[in-house]
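Close look at the chain arrangement
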Amino acid sequence: STMRLAYRTLLIACCVLAFARATWDGPDLRPGEPTLNAAVDGRTRVQTDAHEFSDEAVGAVTCGSSVSLRNPATRARLFSQELQLNMGSRQQVVTANPSRGHGEALWTVSAEANGRMCPAGALVRCGSKIQLLHASTRAFLHSHDRYYAPISGNDGNYEVTGFSEVNAENDWIVECGEKSHKGEFWKREANVKFKHAVSGLYLCAHKRNYDGPIAAHFEVYSSRSAGDNRCLWATREGMYMSHLIAERMGENGKAVRKEMAHDEL
């Protein structure tokens, strides 16, 4: 629709502006450190028009944010580009890129429910079902248990790809059970797991790399086992939608917070 096209155009423009301002060559941040793009530190409280918002809301990942996702096992970021696998599903390649500073490492947090996008700025609750849309190629992060992973298929791992069509196999569940993660919402820079909503497989990466045009990129795959840091991901650089966008005023004049609840998606 025209509204959706305008929304996506605005989002891409914001992402370009954010990248122009961000310093990508600095050291990796650890959980708890402020991000370069955060408007405020997660330990502060924000007050606007006499309405006060909690620390947890300030530090939460929100719908519509375009972020990079770093894997601690490889120290690489989730990456994609307009290149197809030469085997299996032949869908778009998804890798873990150890280099920083690429626009192809941005993923937009979104979801489709009855043909609509989730509200921009809505807080993402742990356990929510989301979709990750590649900001550059507009392909969804996708997986299935029909094709084995190109490098580690003999280990029982499956493909992770980019897929341009709306599909239930684009859905991932955010699991926030790690010790570094506190609260009920997906927190910036804290380790989380992404569980595939259809197959139950987890999004993982390891230091087994490709050859050819994506040499030095590590394989991203889906696995039934998620017992170590190969299956952890944390947000890093990007453009974060403010949670204030999703605030609406109730009849009593108080701010009411919109959240991505389990049953909304």
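Our subject is the structure listed above.
Treat the numbers as computed from the prediction; the structure is a model and nothing was measured. (Residues numbered from 1 in each chain as written. Predicted model: local features only at pLDDT ≥ 70, side-chain atom pairs only at ≥ 80, totals over all residues. Heavy atoms only, no water.)

A positive phi angle, close to 65°, is found at Arg138, a residue other than glycine. A relative accessible area of 23% places Arg138 in the partly exposed class. Here Glu189, not a glycine, exhibits a phi torsion of approximately 70°, which is positive. With respect to the element layout, Glu189 can be found in the loop between β13 (172-175) and β14 (193-196). (Buried < 20%, exposed > 50% of the residue type's maximum accessible area, 1.4 Å probe, protein only. Helix = DSSP H or I, 4+ residues; strand = E, 2+ residues; numbered from the N terminus.)

Our focus in this paragraph is the nonpolar core. Ranked by internal contacts, the top residues of the largest apolar core, which has 27 residues, are Leu78, Leu141, Trp186, Phe194, Leu203 and Val220. Sorting the residues of this core by element identifies β3 (66-71), β4 (76-84), β5 (92-97), β6 (107-110), β10 (129-134), β13, β15 (202-209) and β16 (218-223) as the ones contributing at least two each. Discounting chain neighbours no more than four positions away, the residues touching Leu78 are Leu69, Val94, Thr95, Glu104, Ala105, Trp107, Leu141, Leu203, Val220 and Trp233. Core analysis: the next-biggest nonpolar cluster, separate from the first, contains 6 residues, Ala149, Tyr202, Cys204 and Cys231 among them. (Core = buried A, V, L, I, M, F, W, Y, C linked by side-chain atoms within 4.5 Å. Contact = heavy atoms within 4.5 Å.)

Take the state of the cysteines next. Taken as a whole, this structure holds 3 disulfides when the rule is applied. Between the sulfur of Cys126 and that of Cys176 lies a disulfide, 2.2 Å long from S to S. Since a negative S-S torsion denotes a left-handed disulfide, the Cys126-Cys176 link at about -105° is left-handed. Pair noted here: Cys126 is in the loop between β9 (123-124) and β10 and Cys176 is in the loop between β13 and β14, with a separation of 50 residues, a long-range link. Accessibility expressed as a relative area gives 13% for Cys176, which makes it buried. Here Cys204 engages in a disulfide with Cys231; their sulfurs sit 2.0 Å apart. (Disulfide = S-S within 2.5 Å.)

When the charged atoms of two side chains with opposite charge come close together, those side chains can pair. Scanning the model with the defined rule gives 5 salt bridges in all. Where Arg125 meets Glu184, a salt bridge forms, and the shortest distance between an N and an O atom there is 2.2 Å. Of the two residues, Arg125 is situated in the loop between β9 and β10 and Glu184 in the loop between β13 and β14; the sequence distance between them amounts to 59 residues. Note on Arg125: relative accessible area 18%, which makes it buried. You can call Glu184 partly exposed: its relative accessible area is 37%. For Arg146, the salt bridge identified is with Glu169, shortest N-O distance 2.9 Å. Remark: Glu169 occurs in the loop between β12 (158-163) and β13 and Arg146 occurs in strand β11 (residues 140-148); sequence separation between them is 23 residues. (Salt bridge = Lys/Arg side-chain N within 4 Å of Asp/Glu carboxyl O.)

Taken across its 6 residues, β12 has 6 buried, putting it largely inside the fold. Looking at chain direction, β5 and β12 are connected through 2 bridges and run antiparallel. Across the sheet, residue Val93 finds its bridge partner in β12, namely Thr161. As paired strands, β11 and β12 are joined by 5 bridges and run antiparallel to one another. The residue bridging His142 from the neighbouring strand is Thr161, located in β12. With 2 bridges joining them, β12 and β16 adopt antiparallel strand pairing. Looking across to β16, one finds that Tyr158 is bridged to Ser222. (Pairing = 2+ DSSP bridges.)

This paragraph deals with the environment of Pro213. With respect to the helices, strands and loops of the structure, Pro213 is situated in the loop between β15 and β16. It is 9.1 Å that separates the C-alpha atoms of Pro213 and Leu83, two residues lying 130 residues apart in sequence.

Distances and angles like these do not, on their own, reveal function.
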